[in-house]
Amino acid sequence: MPERRDVVILGSGPAGLTAAVYTARANLRPLVVEGEPSSTSDQPGGQLMLTMEVENYPGFVEGILGPELMQRFRDQAERFGAEYVTRKATRVDLSRRPFGVWTGDPEGDPDVEARALIVATGARSLMLGVPGEDRLLGHGVSTCATCDGFFFRDQPIVVVGGGDSALEEALFLTRFASEVTLVHRRKELRASKIMQDRAFANEKISFRWDSVVTEVLGDTKVSSVGLRNVVTGEEEAMDVTGMFVAIGHEPNTALFAGQLDRLENGYLRTYEGSRTNVHGVFACGDVQDHVYRQAVTAAGSGCMAAIDAERFLEALGDE
Amino acid sequence: MSERITTLSDATFDEHVKASETPVLVDFWAEWCGPCKLISPVLEEIAEEQSGKVQIAKLNIDENLDVTRRYEVMSIPTLILFKDGEPRARIVGARGKAQLVQELSEYL
């Protein structure tokens, strides 16, 4: 017989762990399926595991390191009785109650059954999908500026993207790199004003507008990238030893295909707070938020999902 | 940290890795790297379970640039498996335990 839980939480970023703090304090003994280690944002702790300083999480006057903040979230939920399984969910069955959750072999009986399910699987960063990118991953192509910036001391690099994360990475990388070229497909940034001001003021950062990376070149490590100007069509190669990609995210929803409603852009659809189209399944954080996508809004929506789940269980009684 | 895991440095690396009769899996890591923290417990479990088959060692890249450069580590965590003092396999990026054990299995 699979273990039965009142609450299972899928995901362990700010949304999932806040839901864990709240449901644990309500004595619901939540099980958090926290994910598996990786070097992408698809890992326990989520996207903040790949960030350096978090400056806008309220209460941390001097800022706090992303991984440290997530460790605190995790410890806080654990203190109230949350339990963790360091695996990814491989399948969910929402057509029956209690819901079935598989964390290993997706055949046979589920590994755990949940009376209420909180989905907080987050979003993962997109890659460019150009030739050479995959092959040179870890050899100059990086998904983690904070991990790998160190290796590009006094070397020229490119950062691809035009949002806040691209500028954060570019600014962080100026600590190491000799020059940072920001390659952006439009001629203006969509990043916040404060990040734009900081980037424009930084002498090490230059901008290549209306441009895209067409390929990554290099034998055993990155030696250059191919650029194309999307307005003039002009192509050129730029000598760099590193490329960091920050072009946006897509929600991790594959697990719920055909079971949970999605918006046209792929994010999970929620109704009245954190409810999904399945009674007893709640969604929070970046998997359902394509607008704000902040650690603090994710945490806030995790709290909403926990309260919604708690009320749902109360109404359910002993069923 | 598990007592089965050895801490290496530029000064001790060669001697340790060459002298070892079992393969040595070296974890190139640094304090500031989030994914490196996540694989630490994974490596500790492997050190316990595969004891006698593989030795686990850690090298802080921040403090040991010579070895880091010699093996052209450009991303962390990087795991390199040394057999008879020679690098045989390289794993770049964090992994879950099952996947890591599977990727190492043909060398152990």
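Residues numbered from 1 in each chain as written. Chains lettered and ligands numbered in written order. Predicted model: local features only at pLDDT ≥ 70, side-chain atom pairs only at ≥ 80, totals over all residues. Heavy atoms only, no water.

### A short note on the overall build of chain A
Part 1 of the argument: Looking only at helices and strands, chain A has six helices and 19 strands in total.
Part 2 of the argument: What you see for chain A is a C-alpha radius of gyration of 21 Å, in line with the 20 Å of a compact globule of 319 residues.
Part 3 of the argument: With the C-alpha coordinates aligned to their principal axes, the bounding extent of chain A is approximately 65 × 45 × 35 Å.
Part 4 of the argument: The buried share of chain A, reckoned over its 319 residues, is 53%.
Part 5 of the argument: In chain A, of all internal contacts separated by at least 6 residues, the share reaching a separation of at least 24 is 60%. (Helix = DSSP H or I, 4+ residues; strand = E, 2+ residues; numbered from the N terminus. Rg over C-alpha atoms; globule rule 2.2 N^0.38 Å. Buried < 20%, exposed > 50% of the residue type's maximum accessible area, 1.4 Å probe, protein only. Contact = heavy atoms within 4.5 Å.)

### Some words on the domain arrangement of chain A
All names here are of chain A.
Part 1 of the argument: Examined at the domain level, chain A breaks down into domain 1 (3-125 + 249-316) and domain 2 (141-245).
Part 2 of the argument: Taken over C-alpha atoms, the centre of domain 1 sits 32 Å from the centre of domain 2.
Part 3 of the argument: Opposite the six residues of domain 1 that make contact, domain 2 presents seven residues.
Part 4 of the argument: Summing both sides of the interface, domain 1 and domain 2 together bury roughly 530 Å²; the carbon and sulfur share of this comes to 53%.
Part 5 of the argument: Counting the surface domain 1 buries against domain 2, the share from its top three residues, L50, M52 and E55, is 64%.
Part 6 of the argument: Put simply, E55 and R198 hold a salt bridge, and the shortest N to O gap is 3.5 Å.
Part 7 of the argument: The interface formed by domain 1 and domain 2 holds two residue pairs in polar contact (both at pLDDT 80 or more) in total.
Part 8 of the argument: Within the side of domain 1 that touches domain 2, the residues separate by chemical class into two nonpolar, three polar and one charged. (Domains from an automatic or database assignment. Buried area = accessible area lost by both parts, 1.4 Å probe. Salt bridge = Lys/Arg side-chain N within 4 Å of Asp/Glu carboxyl O. Polar contact = N/O pair within 3.5 Å; in protein donor to acceptor, adjacent residues only side chain to side chain. Nonpolar A, V, L, I, M, F, W, Y, C, P; charged D, E, K, R; others polar.)

### Overview of the interface of chain B and chain A
Bring the parts together and some accessible area is lost; that lost area is often taken as the interface size.
Part 1 of the argument: Taken together, the contacts link 23 residues of chain B with 21 residues of chain A.
Part 2 of the argument: Taken as a group, W32, L38 and M74 of chain B account for 40% of the area that chain B buries against chain A, more than any other trio of residues on that side.
Part 3 of the argument: Our count for the chain B to chain A interface comes out at one salt bridge.
Part 4 of the argument: Broken down by secondary-structure element, the contributors of at least two residues to the side of chain B that touches chain A are α2 (34-49), α3 (65-70) and β5 (86-92) of chain B.
Part 5 of the argument: Of all the elements, α2 of chain B adds the most residues to the side of chain B that touches chain A, at five residues.
Part 6 of the argument: Classifying every residue of the side of chain B that touches chain A by side-chain character gives 14 nonpolar, five polar and four charged.

### Quick word on the packing of helix α1 (residues 14-25) of chain A against helix α2 (residues 66-79) of chain A
Residue and element names in this part refer to chain A.
Part 1 of the argument: The interhelical angle for the contact between α1 and α2, taken along N-to-C directions, is 20 degrees, at an axis separation of 8 Å. With respect to each other, α1 and α2 are oriented roughly parallel. Judged by the twist between their axes, the crossing of α1 over α2 is left-handed. Each of P14, L17, T18, A20, V21 and A24 in α1 lies in contact with α2, whose residues at this interface are M70, F73, R74, Q76 and A77.
Part 2 of the argument: Taken together, the residues of the contact of α1 with α2 break down into eight nonpolar, two polar and one charged. (Axes fitted to C-alpha atoms, helices over the stretch in contact; angles between N-to-C directions. Parallel < 35°, antiparallel > 145°, perpendicular 65-115°, else oblique. Left-handed = near helix turned anticlockwise from the far one by under 90°.)

### Comments concerning α1 of chain A
All names here are of chain A.
Part 1 of the argument: The terminal C-alpha atoms of α1, which comprises twelve residues, lie 16 Å apart, in line with the 16 Å expected from a rise of 1.5 Å per residue.
Part 2 of the argument: Restricting attention to buried positions, one finds in α1 the residues P14, A15, G16, L17, T18, A19, A20, V21, T23 and A24.
Part 3 of the argument: Its buried side turned inward, α1 meets β1 (3-10), β2 (31-33), α2, β5 (83-85), β8 (112-119) and α6 (295-316).
Part 4 of the argument: The first or second residue beyond α1 is N27, which carries a positive phi of 65 degrees. (Expected span 1.5 Å × (residues − 1).)

### Section: the sheet that holds strand β12 (residues 179-183) of chain A
Residues and elements named next belong to chain A.
Part 1 of the argument: Spatially, five strands are ordered β10-β17-β11-β12-β13 in an open sheet, and the strand pairing comes out parallel. Each edge of the open sheet carries a strand with a single partner, namely β10 (141-142) and β13 (205-208).
Part 2 of the argument: Bridge count between strand β11 (residues 156-160) and β12: five bridges; the pairing is parallel. From the neighbouring strand, P156 faces β12, where its bridge partner is E179.
Part 3 of the argument: Helix-sheet contacts for helix α4 (residues 164-173) involve β11, β12, β13 and β17 (242-245), and the interaxial angle to β11 is about 165 degrees. (Pairing = 2+ DSSP bridges.)

### A short note on α2 of chain B
Part 1 of the argument: Approximately 30 degrees is the largest bend angle found in α2 of chain B, and it occurs at S40 of chain B, with the proline P41 of chain B only one to four residues beyond.
Part 2 of the argument: Of all the residues in α2 of chain B, the buried ones are G34, P35, C36, L38, I39, V42, L43, I46 and A47 of chain B.
Part 3 of the argument: Tucked inside the fold, the buried residues of α2 of chain B contact α2 and α3 (145-148) of chain A together with β2 (24-29), β3 (55-60), β4 (78-83) and α4 (97-105) of chain B. (Bend = angle between axes of the 7 residues up to and from the residue.)

### Digging into the nonpolar core
Part 1 of the argument: Core analysis: the largest hydrophobic core is formed by 47 residues, its most contacted members being F13, V26, F28 and I76 of chain B.
Part 2 of the argument: Top element by residues in this core is α4 of chain A. It accounts for six residues.
Part 3 of the argument: Formed by 36 residues, the second largest nonpolar core is a distinct cluster that contains A20, Y57, L69 and C284 of chain A. (Core = buried A, V, L, I, M, F, W, Y, C linked by side-chain atoms within 4.5 Å.)

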